[in-house]
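# Reading the structure
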Amino acid sequence: MPISGTLLGLSGGLLTTARLRRDRRLPPTAAMVYDLLVVVVPTIGRHDTYPALERAVASFCRYLPAYFPNLRVDVVIEEGCEAREQIARLAAVTARIRIITVPRGYRTPNGTRFKARANHYVNEVRCAEGEARDDVWVLHMDDDTGVGPDTTEAVARFINAQWLAGENARHLAQGVLSYPREHAVNPLLWLADAVRPGCDISMFAATTGRGMPRAGLHGELLLVRASIEAEIGWDFGSQSIVEDAEFALRFCDRYPRRSDWFPGRSYGASPASVADFVRQRERWAWGLFMLSAKRSIPLRRRLLLLHNVIIWASGPMQHLGLIILIGTLLGDTDTSPASAVVLPIWALNMAYSVWLYWEGMKINALASAQIRRRLWWEPVCLVLLMPVFSLLEAVAVLRGLVRFLRNGESTFTVIAKPM
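Residues numbered from 1 in each chain as written. Predicted model: local features only at pLDDT ≥ 70, side-chain atom pairs only at ≥ 80, totals over all residues. Heavy atoms only, no water.

A tally of helices and strands in the protein chain yields 16 helices and seven strands. Its C-alpha atoms give the protein chain a radius of gyration of 21 Å, within 12% of the compact-globule value 22 Å for 419 residues. For the protein chain, the spread of C-alpha atoms along the three principal axes comes to 70 × 50 × 40 Å. Relative to its full complement of 419 residues, the protein chain shows a buried share of 53%. When contacts within the protein chain are restricted to residue pairs at least 6 apart in sequence, long-range pairs at least 24 apart make up 83% of them. (Helix = DSSP H or I, 4+ residues; strand = E, 2+ residues; numbered from the N terminus. Rg over C-alpha atoms; globule rule 2.2 N^0.38 Å. Buried < 20%, exposed > 50% of the residue type's maximum accessible area, 1.4 Å probe, protein only. Contact = heavy atoms within 4.5 Å.)

Structure follows, in structure tokens:
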């Protein structure tokens, strides 16, 4: 089953290689961008998420003005959040930061909740202020995800290119999520999160980079024209907990072939504990299962996502530990396939999985501020621990699948972000 995803991901890896070679021939610096850039940072505003928010906002104010003189950072909080006084002091440092408070009684027409509700409120504020225009760009960031010089230049190059593209201009783009080692509380989970940048340079490069974000989008380092966001909105209903992926599918339906990928990185933080890691993946799995079954989105737009979540749901049954356990119970521990024809396919799928972690770790190490390389023991531990990482992912997916099948009330888990 995973072979189609493997081939798609490998094609994305080749596309990324070609893109990076082409970018190396570009001038060393991009031109200034005079379009308005609005960075939107929704936060739950808890004390345990404030340290990461402070780090992220400081990076926006430090790096983005180099190419974006017309910059505003909108920090979105809920009325009465516990860290509101700290966030207010953060905004007092510079006029570039604006606090937008979502009223406690605010309701969208479709009853959307959680982060999508906050995004929709800010979208309405921009529309009321006359900023839903083609020359206004919105950069969506999480409250633990900052930027660097490479991010700023890549975003500037992308926006400048759209002025030259004419009718073929793109309306949306996404870069690479990275996780520097200094932002990680738990080294084990820093290794486990290596798969995420690996997916960005493969699966997402092949879909978003070719104009059709059918595999979804990330909620951070997501750049979109304000006019397009105003048209699509974020009012996806009360059950939406993966609003970024739903936005992607609705974008595909309205603006096919109008998205792109850029090589700039964001700088986030891995979960602080194994429990947070599982809860994070559980919410993603639960939300994607619900989204793949959502009939208001055309089936042709959901096919790749449906394919991916079916493979994801079968992950627990594919785990090496379970296979050996069943073999032991049956008295037959020979795990060789019944037909040798399967071996090349299995080997390619396994090699692709290892490659995702291997390349992702390289990206995370390069994104780190101090040790910008992999230590000699890290690749060894990465490969040896992959069965552990896949077990954690499998447990999270299984929990998400159970919650989906039970059809319970949606919840939106926000993990602690101490770094």
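Applying the stated rule across the entire model yields 26 salt bridges. Arginine 72 is the partner of aspartate 74 in a salt bridge, and the nearest nitrogen-oxygen pair spans 2.9 Å. Just as aspartate 74 is buried, arginine 72 falls in that class too. (Salt bridge = Lys/Arg side-chain N within 4 Å of Asp/Glu carboxyl O.)

Tallying each qualifying case throughout the model produces two cavities of 30 Å³ or more. In this structure, the largest cavity is lined by Lys115, Asn119, His140, His218, Gly219, Leu222, Trp234, Glu243 and Asp244. Here the residues of the lining of the largest cavity are counted per class, giving two nonpolar, four polar and three charged. What lines the second largest cavity is Gln174, Gly175, Asp200, Phe204, Thr208 and Trp261. In terms of residue class, the lining of the second largest cavity is built from two nonpolar, three polar and one charged. (1 Å grid on protein atoms, 1.4 Å probe; cavity = no way out; pocket = protein on both sides within 12 Å on 5 of 7 lines; lining within 4 Å. Points joined across faces, edges and corners; volume = space filled by probe spheres on them. Nonpolar A, V, L, I, M, F, W, Y, C, P; charged D, E, K, R; others polar.)

With mixed pairing, the seven strands of this open sheet are ordered in space as β3-β2-β1-β4-β6-β5-β7. Each edge of the sheet is formed by a strand with only one pairing partner; in this case those strands are β3 (97-102) and β7 (259-267). The average angle at which neighbouring strand axes cross in this sheet is 25 degrees, direction not considered. Taken together, the six bridges between strand β1 (residues 36-42) and strand β2 (residues 71-78) define a ladder with parallel strand orientation. Residue proline 42 lies in a different strand from β2, and its bridge partner there is valine 76. Against the sheet, helix α2 (residues 50-63) contacts β1, β2, β3 and β7, and its axis sits at roughly 160 degrees relative to β2. (Pairing = 2+ DSSP bridges. Axes fitted to C-alpha atoms, helices over the stretch in contact; angles between N-to-C directions.)

Taken as a whole, the second largest pocket holds about 950 Å³ of empty space. Elements represented by at least two residues in the lining of the second largest pocket include exactly α1 (3-23), α5 (149-165), β7 and α15 (342-366). Per-element accounting of the lining of the second largest pocket gives the leading share, eight residues, to α5. The residue inventory of the lining of the second largest pocket, partitioned by class, reads 16 nonpolar, five polar and eleven charged.

Time to look at the packing of aromatic side chains. This model, assessed by the stated rule, comprises nine aromatic pairs. Aromatic side chains tryptophan 137 and phenylalanine 158 sit 5.7 Å apart centroid to centroid with 80 degrees between the ring planes, which places their arrangement in the edge-to-face category. Taken together, the residues tryptophan 137 in strand β4 (residues 136-140) and phenylalanine 158 in helix α5 connect sequence positions 21 residues apart. Of the two residues examined, tryptophan 137 and phenylalanine 158, each falls in the buried class. For the pair phenylalanine 251 and tyrosine 255, a centre-to-centre distance of 5.7 Å together with 35 degrees between the ring planes defines the contact as tilted. (Phe/Tyr/Trp six-rings, centres within 6.5 Å; stacked < 30°, edge-to-face > 60°.)

What follows concerns the side chain of serine 292. For serine 292, the position within the fold is in helix α11 (residues 274-292). Judged by its relative accessible area of 6%, serine 292 is buried. Ignoring anything within four residues of it in the chain, the contact list for serine 292 reads Arg302, Leu305, Leu306 and Val309.

Now for the packing of helix α10 (residues 243-254) against helix α12 (residues 299-313). Remark: α10 packs on α12, axes separated minimally by 9 Å, with the N-to-C direction vectors making an angle of 140 degrees. The angle between α10 and α12 places the two elements in the oblique class. Seen along the crossing, α10 lies across α12 with a hand that is right-handed. Residue-level contacts link Leu249, Cys252 and Asp253 of α10 to Arg300, Arg301, Arg302 and Leu305 of α12. Classifying every residue of the contact of α10 with α12 by side-chain character gives three nonpolar, no polar and four charged. (Parallel < 35°, antiparallel > 145°, perpendicular 65-115°, else oblique. Left-handed = near helix turned anticlockwise from the far one by under 90°.)

Take the pairing of β3 next. Here six bridges tie β2 to β3, and the two strands are oriented parallel to one another. Bridge assignment links isoleucine 77 to a residue of β3, and that residue is threonine 101. A crossover links β2 with its parallel partner β3, the connecting element being helix α3 (residues 84-91), and its sense is right-handed. (Right-handed = clockwise from strand over helix to strand, strands pointing away.)

What follows concerns the nonpolar core. Membership of the largest hydrophobic core comes to 36 residues, with the highest contact counts inside it found for Val39, Phe60 and Phe68. Mapped by element, the contributors of at least two residues to this core are β1, α2, β2, α3, β4 and α5. If sequence neighbours within four positions are ignored, phenylalanine 60 has contacts with Val39, Val41, Pro65, Leu71, Val73, Met141, Thr145, Gly146 and Val147. The next biggest cluster of nonpolar side chains, apart from the first, holds 27 residues, and it includes Val38, Ile100, Val122 and Ile228. (Core = buried A, V, L, I, M, F, W, Y, C linked by side-chain atoms within 4.5 Å.)

For the rest of this paragraph, the subject is unusual backbone geometry. Of note in this structure, phenylalanine 114 is not a glycine but carries a positive phi near 65 degrees. Inspection of the secondary structure assignment puts phenylalanine 114 in helix α4 (residues 114-128). Here phenylalanine 114 falls in the partly exposed class, since its relative accessible area comes to 26%. The backbone of leucine 221 shows a phi angle near 50 degrees, a positive value even though the residue is not glycine. Along the chain, leucine 221 turns up in the loop between α8 (203-207) and β6 (222-225).

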